[in-house]
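Architecture and fold: a report
Here is what each chain is made of, one letter per residue.
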Amino acid sequence: MLTLDSVWKSNSESPPDFILKNCSFSFRERSIYAVVGASGIGKTTLLRVLNNLTSIDRGRILLEGQDISMLHPSEVRRRISMLFQTPAFVGDSVRENLDFAARFARRNDTDFSTLMEMVHLDHTFLDRTVVQLSVGQQQRVCLARTLVTKPDILLLDEPTSALDDKTADGILELVREISQQEEFLTIFVTHRRSHARKLGQVILEMAEGTLRSLS
Amino acid sequence: MALFHLGFGDVAISLILMAVAIALSRLEGLGIERSLAIGTVRAFAQLTLIGFALKVLFQVNSPWLLLAVLIVMISVASYESVRRQQSRLPGLFLITSITLSLALIVSLGVVALLIIRPDPWYNLVVLIPLSGMVLGNGLNIVSLSANRFVSEMKLRRASVEVALSLAAPPRKALHPAFKNAVSGALIPSINALMTVGLVQLPGVMTGQILAGLPPVEAVKFQIVIMMMWITTGVISGVVATLLLMTRLVNPRWQVRWELI
Ligand SMILES: Nc1ncnc2c1ncn2[C@@H]1O[C@H](COP(=O)(O)OP(=O)(O)OP(=O)(O)O)[C@@H](O)[C@H]1O
Ligand SMILES: [Mg+2]
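Think of each chain on its own: its residues are numbered from 1, step by step along the sequence as written. Key to labels: chains lettered from A, ligands numbered from 1, both in the order written. Since the coordinates come from a predicted model, pLDDT governs what is reported: local features require at least 70, and pairs of side-chain atoms require 80 or more to be given and counted, while whole-chain, interface and lining totals use all residues. Only heavy atoms go into the side-chain values, all of them from the structure, while hydrogens and water stay out.

1. Side note on the overall build of chain B
Basically, it comes down to this: Only runs of H or I of at least four residues qualify as helices and only runs of E of at least two qualify as strands under DSSP, and these elements are numbered from the N terminus. Note on exposure labels: buried denotes an accessible area under 20% of the residue type's maximum, exposed denotes more than 50%, and partly exposed covers the range between, all computed with a 1.4 Å probe on protein chains only. Should any heavy atoms of two residues lie within 4.5 Å, those residues are counted as being in contact. Throughout, the Shrake-Rupley method with a 1.4 Å probe supplies accessible areas, and for residues the shown protein chains are the sole cover considered. For this count, His and the chain ends are skipped, Lys and Arg are scored as positive, and Asp and Glu as negative. Every charge is mapped to an atom, namely NZ of Lys, CZ of Arg, CG of Asp or CD of Glu.
The number of helices and strands found in chain B is 11 helices and 0 strands. In chain B, the succession of helices and strands from N to C terminus is α-α-α-α-α-α-α-α-α-α-α. With the C-alpha coordinates aligned to their principal axes, the bounding extent of chain B is approximately 65 × 55 × 35 Å. Scored against the burial criterion, the 260 residues of chain B give a buried share of 37%. Contacts in chain B between residues at least 24 apart in sequence constitute 73% of all its contacts with a sequence separation of at least 6. Working note: accessible area of chain B is about 14700 Å², and carbon and sulfur atoms make up 71% of it. Of the side chains in chain B, 19 bear a positive and 9 a negative charge, and the two mean positions are spaced by 10 Å.

Now the structure itself:
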């Protein structure tokens, strides 16, 4: 469903350092992949590459067989959603954040209350100010916001790194529930192997610029 | 006929003021004595030189000369805009040149050709000083907004990336940074517009009154110049920042963070 085909990606240093080195991998639909790897190895970069947030030097990324560089960036980003390492917002209230996403998702049918239910937040949260929420609640709001575009693929960049164990477990459980219910291809990045085992159906290790399967 | 006439000796006496400034800097350890001294020498030299140059230019008075002088002025301003940035921004020289040319065309078009209507239309005596004001102000606004735009982008990197990843076009994702950059750069101009005449008389008007123009006449000119000033500022901020945005984002809707 989502394929990396001999992808090379360098950082902006000179001489360039390759973060992805001839990386090839095929992610299958309706599966949950966990990617582990040391800090600074390039896990965030991998997800940014898959979300078309940054360019690659060489190779192709195929979304259902189509080279994403041939698709309109907005289409790629609607079909592939990303949850970032730390919550960040594009509006003051929860509703404004969801509205922002809906505006570019070409979907007017989104029912925000249902979305809030999906991330186990009461619909009264819609009118709360995001900065007044706990980090765990903020991350749930961000997760709800990634769902607005009705993606096929969900990318998660260590969504639990800023959370305590109990809250983190809650988010992991939530991600599993939503991924299965929505039949997403989910790629979940973490440096905690316990989290990888808890959520991932396939566990991948990132090292030396490539991905290899551990399970 | 001027009300007061200044001899070069009179002008030299104004150096007393600079001496006070330098003494204060020395006394309080501000460390700007050197810059003040160099600045003074430069100001005297540059202004004297330009005074004589203008005299010659005004005698020749040809549209081609006007064009040549404007090109030189725009180039100097664009170079200065590049020099003023904290980090090297791609294409800033060209961006500033295009922006300032546009600001010049719009503001001089209205002020010179519709309001002042010099004879001949290219009269350098009218157009060169006006262009100088437009370019000076435009340069300030371009530098301020470009600097601010880049720092706002860095500050807002996380939410810019979120917005892009939600399929927002770069124009929308960068709008908060754009808005703060341009409006922030314009705050001094807007404040000046609000208090003009109440707290201080603008330099041009002060100069005109001292040179003997009746105050009400000077006021009319000043109003026109304030309008020109503000329009120039808004055009410069908006156009330069939009052009800079196109350099910092590629057609794949990716921000080239490595450039800033
Ligand atoms: N904006 C940037 N500019 C230059 N280099 C960067 C930038 N962001 C990341 N890098 C470099 O790219 C490499 C990979 O970074 P990346 O953030 O993808 O690692 P990571 O595996 O996600 O690490 P962590 O687990 O700490 O989040 C690092 O060596 C980092 O220094
Ligand atoms: Mg990371």
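2. Some details on the pattern of salt bridges
Pairing is possible between side chains that carry opposite charge, provided their charged atoms lie close to one another. Residue and element names in this part refer to chain A. Rules: Salt bridge, as used here: a side-chain nitrogen of Lys or Arg that lies within 4 Å of a carboxyl oxygen of Asp or Glu.
Counted by the stated rule, this structure contains 17 salt bridges over all chains. Measuring nitrogen to oxygen at the nearest pair gives 3.1 Å for the salt bridge that ties Arg95 to Asp127. Here Arg95 is found in helix H3 (residues 94–105), whereas its partner Asp127 is found in the loop between helix H4 (112–118) and helix H5 (135–147), with 32 residues between them in sequence. Residue class for Arg95 comes out partly exposed when judged on its relative accessible area of 32%. Given a relative accessible area of 56%, Asp127 falls into the exposed group. What emerges from the salt-bridge pattern is a single network uniting Glu64, Glu75, Arg79 and Asp152.

3. Describing the interface of chain A and chain B
Just so we agree on the cut-off: Note on terms: buried area is the combined drop in 1.4 Å-probe accessible area of two parts once they are placed together, counting the loss on both. Think of a polar contact as two N or O atoms within 3.5 Å of one another; within protein, one of them needs to be a possible hydrogen donor and the other a possible acceptor, and neighboring residues in sequence only count if both atoms come from side chains. Note that Gly is not counted as nonpolar here; it falls among the polar residues with everything else outside the nonpolar set of Ala, Val, Leu, Ile, Met, Phe, Trp, Tyr, Cys and Pro and the charged set of Asp, Glu, Lys and Arg.
Between chain A and chain B, the contact holds 26 residues from the first and 19 residues from the second. For the chain A and chain B pair, buried surface summed over both sides reaches about 1900 Å², with 62% attributable to carbon and sulfur atoms. Sorting the residues of chain A by area buried against chain B places A:Leu53, A:Arg77 and A:Phe104 first, and these three jointly supply 28% of that buried surface. At the junction of chain A and chain B, the tally comes to 1 salt bridge. Between B:Glu161 and A:Arg48 there is a salt bridge; the shortest N-O distance is 2.8 Å. If you look at where chain A meets chain B, you find 10 residue pairs in polar contact (both at pLDDT 80 or more). Elements supplying a minimum of two residues to the side of chain A that touches chain B: helix H2 (73–79), strand S6 (80–83) and H3 of chain A. Of the residues that constitute the side of chain A that touches chain B, the class distribution is 13 nonpolar, 8 polar and 5 charged.

4. Section: the domain arrangement of chain B
Residue and element names in this part refer to chain B. Just so we agree on the cut-off: What fixes the domain bounds is an automatic or database domain assignment.
Taken domain by domain, chain B holds domain 1 (1–60) and domain 2 (62–259). Relative to domain 2, the C-alpha centre of domain 1 lies at a distance of 26 Å. Note on domain 1 versus domain 2: buried area summed over both sides is about 680 Å², and carbon and sulfur give 78% of it.

5. As for unusual backbone geometry
In this chain, B:Asp119 is followed by B:Pro120 through a cis amide linkage whose omega measures -5°. Mapping B:Pro120 onto the fold places it in the loop between helix H5 (92–116) and helix H6 (124–155). Residue A:Arg30 is not a glycine yet carries a positive backbone phi of 50°. Turning to its location among the elements, A:Arg30 is positioned in the loop between strand S2 (18–27) and strand S3 (32–36). For A:Lys150, which is not glycine, the phi torsion reads 50° and is therefore positive.

6. With respect to the packing of aromatic side chains
For the record, the criterion: By convention, a stacked pair of Phe, Tyr or Trp rings (six-membered ring in the case of Trp) has centres within 6.5 Å and planes under 30 degrees apart, an edge-to-face pair has planes over 60 apart, and any other such pair is tilted. Remark: a charge is flagged as sitting over a ring if the NZ atom of Lys or the CZ atom of Arg is within 6 Å of the ring centre and within 35 degrees of the ring normal.
Enumeration over the complete set of coordinates arrives at 6 aromatic pairs over all chains. Plain terms: the ring middles of B:Trp121 and B:Tyr122 are 5.3 Å apart, the flat faces sit at 90° to each other, and that makes the pair edge-to-face. Over the ring of A:Trp8 we find A:Arg58, and its NZ or CZ is 4.8 Å from the ring centre.

7. A look at the site of ligand 1
Where we set the bar: Note on terminology: near, applied to a residue and a molecule or strand, indicates that one of the residue's heavy atoms is within 4 Å of it.
Taken together, 13 residues surround ligand 1, and among them A:Ser39, A:Gly40, A:Lys43, A:Thr44 and A:Thr45 come closest. Mapping the residues near ligand 1 onto chains gives chains A and B. With respect to ligand 1, the side chain of A:Ser39 contributes an N or O atom lying 2.5 Å from an oxygen atom. Contact between ligand 1 and A:Gln85: an oxygen atom at 3.4 Å from a side-chain N or O atom of the residue. Coverage of ligand 1 by the protein amounts to 61% of the 640 Å² it exposes when considered alone. Ranked by the residues each element gives to the shell around ligand 1, the list is headed by helix H1 (residues 43–50) of chain A, at 3 residues. Considering only residue class, the shell around ligand 1 consists of 3 nonpolar, 7 polar and 3 charged.

8. Some remarks on the sheet that holds strand S1 (residues 2–10) of chain A
Residues and elements named next belong to chain A. Threshold: Pairing between two strands requires that DSSP report at least two bridges joining them. Orientation is described by axes fitted as lines to C-alpha atoms, over the contacting stretch for helices, and by angles from 0 to 180 degrees between their N-to-C directions.
Reading across from one edge, S2-S1-S4-S5 is the order of the 4 strands in this open sheet, with antiparallel pairing throughout. Bordering the open sheet on either side are S2 and strand S5 (66–67), each of which pairs with just one other strand. Where S1 lies against strand S4 (residues 58–63), 5 bridges are found, and the strand directions are antiparallel. Looking at the pairing, Leu4 lines up with Ile61 of S4. This element, H1, spans S1, S2 and S4 of the sheet and lies at about 120° to S1.

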